[in-house]
Amino acid sequence: VEKSLEDIFEEKIASEIRIEPKDWMPEKYRKTLVRQISQHAHSEIVGMLPEGNWITRAPSLKRKAILLAKVQDEAGHGLYLYSAAETLGTSRDQMFEDLLSGKAKYSSIFNYPTLSWADVGAIGWLVDGAAIMNQVPLCRTSYGPYARAMVRVCKEESFHQRQGFEIMMTLCNGSEEQKEMAQEAFNRWWWPTLMMFGPKDEESPNTEQSMRWKIKRFTNDELRQRFVDMMVPQAEFLGLTVPDKDLKWNEAKGGYDFGAIDWNEFWNVVKGNGPCNKDRLKARNKAQEEGAWVREAAMAYAEKAATREKK
Ligand code: ACO
């Protein structure tokens, strides 16, 4: 019996063979990957804004150089991810248009403001920590270009996480005021970070199919639980208090029980009504307009170079 294209695809998934751009794939597989990878790319690009806010005000030259490098890394991550999405037949222009018009989603976390220097530490420690928890398994995602992009992204993310932890440690070993600053930032970022993992499994429409196709390797709740279990001892080490009165070690499950997440807040932010959604889109649109002359010049240069070659 001759195998159908679908059988071949399913066999590859079952035996952990990566799907590559020119392979046959179900239209829904392609669509869900474009959705997830483009949202991921947009998150990296929008994610430059909250921290970018502190580049000019970093407390020392060393801190400034580190932060600048980190924010540039995020731009790089966005570019690898747009390239990975392009291999599925979507254009970068289309993805940009969807981001700039507000049609596309990007991670809820980047719609919160960075009010103090401690936020730069909290983002590196918590937000990049959550990103690693979510992205290390994506190095084994079934679509080849996405999996390969994740390998490099994760290496850079672990540097980002350490720099965040180191900022928190410095603040926590500093003056009373610095320690308070660290705690205050922790209080504001903890819950939104837990929301990064997405809705509860019962309310996550995409998880089941994405797990079956091995696009996702763990569910939203599984990753959120691992994250809490990893972070609580780190908070204790720093001498910070997790802002959750219901947090409690559960011997039977070998993990922490934690309080209820405010899902109204989450959906409100996802729908565009978070504290900074409008500012973020405004900043991206402004950058697009201000960069128009660079794109035009690059096109003109490329055309000129092409005619010169023909001669
Ligand atoms: N912020 C914004 N939207 C979200 C978030 C979030 N934190 N979590 C879930 N959503 C959206 C989903 O995109 C989906 O919307 P859509 O169907 O219109 O695309 C909807 O809520 C329902 O969620 P799920 O069914 O759980 O969606 P999915 O299976 O895609 O899981 C997840 C969401 C876990 C974020 C997944 O897409 C993923 O692992 N993405 C890759 C990692 C990533 O994007 N990280 C970005 C932040 S990290 C960083 O950039 C540093």
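Residues numbered from 1 in each chain as written. Predicted model: local features only at pLDDT ≥ 70, side-chain atom pairs only at ≥ 80, totals over all residues. Heavy atoms only, no water.

### Brief notes about the nonpolar core
Moving on, step 1. Of all hydrophobic cores here, the largest spans 75 residues; its most connected members are Tyr29, Trp125 and Trp190.
Moving on, step 2. Among the elements that take part in this core, helix H6 (residues 117-135) stands out by supplying ten residues, more than any other.
Moving on, step 3. Once you skip the residues sitting within four places of it in the chain, Tyr29 turns out to touch Phe9, Ile13, Ile19, Ser142, Tyr143, Trp213 and Ile215. (Core = buried A, V, L, I, M, F, W, Y, C linked by side-chain atoms within 4.5 Å. Buried < 20%, exposed > 50% of the residue type's maximum accessible area, 1.4 Å probe, protein only. Helix = DSSP H or I, 4+ residues; strand = E, 2+ residues; numbered from the N terminus. Contact = heavy atoms within 4.5 Å.)

### Details of the environment of Arg162
Moving on, step 1. Following the sequence through the fold, Arg162 ends up in helix H7 (residues 144-172).
Moving on, step 2. For the pair formed by Arg162 and Asp73, sequence separation is 89 residues and the distance between their alpha carbons is 14 Å.

### Some thoughts on the layout of surface pockets
Moving on, step 1. In this model, the largest pocket occupies a volume close to 1,000 Å³.
Moving on, step 2. Lining the largest pocket are 41 residues, with Gln39, Asn134, Met196, Phe197 and Gly198 sitting closest to its centre. (1 Å grid on protein atoms, 1.4 Å probe; cavity = no way out; pocket = protein on both sides within 12 Å on 5 of 7 lines; lining within 4 Å. Points joined across faces, edges and corners; volume = space filled by probe spheres on them.)

### Description of the site of the ligand
Moving on, step 1. Taken together, 30 residues form the shell around the ligand, and within it Gln39, Lys105, Ser108, Ser204 and Lys216 come nearest.
Moving on, step 2. Contact between the ligand and Gln36: a nitrogen atom at 3.5 Å from a side-chain N or O atom of the residue.
Moving on, step 3. At 3.2 Å, a backbone N or O of Met196 approaches a nitrogen atom of the ligand.
Moving on, step 4. When atom positions are compared with the pocket grids, the ligand is found to occupy the largest pocket.
Moving on, step 5. Among the elements of the structure, helix H2 (27-46), H6, H7 and helix H11 (263-273) are those that each provide at least two residues to the shell around the ligand.
Moving on, step 6. Per-element accounting of the shell around the ligand gives the leading share, six residues, to H2.
Moving on, step 7. A class-by-class count of the residues in the shell around the ligand yields 13 nonpolar, twelve polar and five charged. (Near = heavy atom within 4 Å. Polar contact = N/O pair within 3.5 Å; in protein donor to acceptor, adjacent residues only side chain to side chain. Sits in = over half its atoms within 2 Å of the grid points. Nonpolar A, V, L, I, M, F, W, Y, C, P; charged D, E, K, R; others polar.)

### Remarks on the packing of aromatic side chains
Moving on, step 1. Counted by the stated rule, this structure contains 15 aromatic pairs.
Moving on, step 2. An angle of 70° between the planes, with centres 6.4 Å apart, marks the rings of Trp54 and Trp117 as edge-to-face. A residue pair is termed long-range when its members are at least 10 positions apart, and Trp54 in the loop between helix H3 (48-52) and helix H4 (61-86) and Trp117 in helix H6 qualify at 63 residues. Take Trp54 and Trp117: they sit in the same class, and that class is buried.
Moving on, step 3. With 6.1 Å between their ring centres and 25° between their planes, Trp190 and Phe227 make a pair best called stacked. In this pair, Trp190 sits in helix H8 (residues 176-195) while Phe227 sits in helix H10 (residues 220-238), placing the two residues 37 residues apart along the sequence. (Phe/Tyr/Trp six-rings, centres within 6.5 Å; stacked < 30°, edge-to-face > 60°.)

### Thoughts on the environment of Ala14
Moving on, step 1. Along the chain, Ala14 turns up in helix H1 (residues 5-14).
Moving on, step 2. Under the relative-accessibility criterion, Ala14 is labelled exposed at 57%.
Moving on, step 3. Distance in space between the C-alpha atoms of Ala14 and Gly52 is 42 Å, their sequence separation being 38 residues.

### Notes on a nonpolar patch on the surface
Moving on, step 1. Judged by side-chain polarity, Leu5, Ile8 and Trp24 come together as a nonpolar surface patch covering roughly 270 Å² of accessible area.
Moving on, step 2. Mapped onto the secondary structure, Ile8 falls in helix H1.
Moving on, step 3. Ile8 sits in the partly exposed class, given a relative accessible area of 35%. (Patch = residues over 30% accessible without salt bridge, like charges linked within 9 Å, V, L, I, M, F, W, Y side chains within 5 Å. Areas by Shrake-Rupley, 256 points an atom, 1.4 Å probe, with all protein chains shown as cover. Salt bridge = Lys/Arg side-chain N within 4 Å of Asp/Glu carboxyl O.)

These figures come from the coordinates and say nothing about function on their own.
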